[in-house]
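Residue-level structural notes
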Amino acid sequence: MWRFERGSFTPEDFPLPEEGSLLLVVNGRPWTALAYTPGEEVYLAVGHLFLSGVLWSLEGVRLRVGEGMVLVDLPYEPEKALGVRDSGCTPGLRHGEPRLAPLPPVPLDPALPLRLLATLRAEARAYPRSRGIHGAGLFDLEGRLLYLNEDIGRHNAVDRLAGYMLLEGVRPPVLLASTGRASREMVAKAIGIGAVLLASRTGATAQAVELARAYGLALAAYVRPTGYRLYAPGGMPVPEGAFRP
């Protein structure tokens, strides 16, 4: 490739993120196809189906990995809802919503968003090499990293966290950090996995803020080393009356 800078081109060697296509097959029938970064396909398949409200638990579920596909056999016949194309970076349809419940009141250290994003920056491996890729990190309530994932799609990265929690037996509440925008779907995914804090490197939408406040999720966006914007308080010790309904 070539870099244009100061009026001229110079050759540059810069690796590109890999992109693949993953087909999810549910009970023998094609369910959806996802553009994704290859690797840890089972986590992605399980997490995507869980956060779409299709898979409720792992009881009676059989998983098989084939070439470019994950086959998921459920002990029931799921209903395929209207396909919704999320505001993510990769094509693919989500057939349903995660099951949401109010989050428990968990006191949170105001410094946590800064620490989570600092860890995400320090531990990311693909982003420093290639850029053009999103990261998501799963943390315990003390801010210790449990699992980090990078993918060309910010939704895929969070879906893998859900799959990791289910398959590795990680119980909520947890904390979530993401490099991607905090849209309504991303906030719903955070609530769906039982995260009591979502810290984002970028912004948040109005619908995302409304959903976060309704379910008790602390939503911190535009997290930088020196501070962040807190759009929904959750368990943060903010002054009384700081947030209007």
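In this report, we go over the structure that sits alongside the text.

**Concerning the environment of I152**
By secondary structure assignment, the location of I152 is in the loop between β10 (145-151) and α4 (154-168). Exposure remark for I152: the relative accessible area of 13% places this residue in the buried category. C-alpha of I152 to C-alpha of A35: the two residues are 117 residues apart in sequence and 8.1 Å apart in space.

**Description of the side chain of E150**
As for its placement among the helices and strands, E150 is situated in strand β10. Among the polar contacts made by the side chain of E150, one reaches the main-chain amide nitrogen of R125 at a distance of 2.9 Å.

**Considering the nonpolar core**
Counting residues in each nonpolar core, the largest one holds 48 residues, and the members touching the most others are L108, V187 and I193. Setting aside its immediate chain neighbours within four residues, V187 contacts L198, A208, L211, A212, L217 and L219. Judged by nonpolar contacts, the second largest core, of 15 residues, contains V26, V54, L55 and V72.

**With respect to the pattern of salt bridges**
Within this structure, the stated rule accounts for 6 salt bridges. A salt bridge links D159 to K189; the shortest N-O distance between them is 2.7 Å. Here the residue D159 occupies a position in helix α4, and K189 occupies one in helix α5 (residues 184-192), the gap between them amounting to 30 residues. Overall, the relative accessible area of 3% leaves K189 in the buried class.

**Here's the deal with the layout of surface pockets**
Considering only enclosed or pocket space, the largest pocket measures out at about 420 Å³ in volume. Lining the largest pocket are 24 residues, with F50, P172, G192, I193 and G194 sitting closest to its centre. Only α1 (41-51), α4 and α5 provide two or more residues apiece to the lining of the largest pocket. The biggest single contributor to the lining of the largest pocket is α4, with 3 residues. Residue composition of the lining of the largest pocket, grouped by class: 18 nonpolar, 4 polar and 2 charged.

**Section: the side chain of R160**
By the secondary structure assignment, R160 is in helix α4. The exposure class of R160 is buried, given its relative accessible area of 1%.

**Some words on the sheet that holds β10**
Spatial strand order, β10-β9-β11-β12-β13-β14: 6 strands in an open sheet with mixed pairing. Sheet topology places β10 and β14 (227-232) at the edges, where each strand pairs with a single neighbour. The average angle at which neighbouring strand axes cross in this sheet is 20°, direction not considered. The strands touched by helix α2 (residues 112-123) within the sheet are β9 (134-139), β10, β11 (174-178), β12 (195-200), β13 (218-224) and β14, with β11 carrying the most contacts at an inclination of about 60°.

**Details of the pairing of strand β4 (residues 29-36)**
Strand direction decides the pairing type here: strand β3 (residues 20-26) and β4, joined by 7 bridges, are antiparallel. When the sheet's bridge partners are listed, L24 is paired in β4 with T32. If you look at the hairpin formed by β3 and β4, you'll find 2 residues sitting between the two strands, and N27 has a positive phi there, around 50°.

Rules used throughout
- Position numbers for residues start from 1 in each chain and track the written sequence from start to end.
- Under the rules for a predicted model, residues below a pLDDT of 70 receive no local features and side-chain atom pairs below 80 are neither given nor counted, while totals for whole chains, interfaces and linings still include all residues.
- Values reported for side chains reflect all heavy atoms of the structure, with hydrogen atoms and water molecules removed beforehand.
- Numbering of helices and strands runs from the N terminus; a helix is a DSSP stretch of H or I covering at least four residues, while a strand is a stretch of E covering at least two.
- Relative accessibility thresholds used throughout: buried, under 20% of the residue-type maximum; exposed, over 50%; partly exposed, between the two (1.4 Å probe, protein chains only).
- By the criterion applied in these results, polar contacts are pairs of N or O atoms within 3.5 Å in which, for protein atoms, one can donate a hydrogen and the other can accept it, and in which residues neighboring in sequence qualify only through two side-chain atoms.
- By nonpolar core is meant a set of buried Ala, Val, Leu, Ile, Met, Phe, Trp, Tyr and Cys residues that side-chain atoms within 4.5 Å join together.
- Should any heavy atoms of two residues lie within 4.5 Å, those residues are considered in contact.
- What makes a salt bridge here is a side-chain nitrogen of Lys or Arg within 4 Å of a carboxyl oxygen of Asp or Glu, nothing more.
- The way it works is a 1 Å grid over only the protein atoms, where trapped points that fit a 1.4 Å probe form a cavity and open points with protein on both sides within 12 Å along at least five of seven lines form a pocket, and then any residue with an atom within 4 Å of a point lines it.
- Grid points are joined across faces, edges and corners, and a volume is the space filled by probe spheres set on the points.
- Charged means Asp, Glu, Lys or Arg here, nonpolar means Ala, Val, Leu, Ile, Met, Phe, Trp, Tyr, Cys or Pro, and polar covers whatever is left, Gly included.
- The rule for pairing is simple: two strands pair if DSSP sees at least two bridges between them.
- Each axis is a line fitted through C-alpha atoms, taken for helices only over the stretch in contact, and angles between the N-to-C directions span 0 to 180 degrees.

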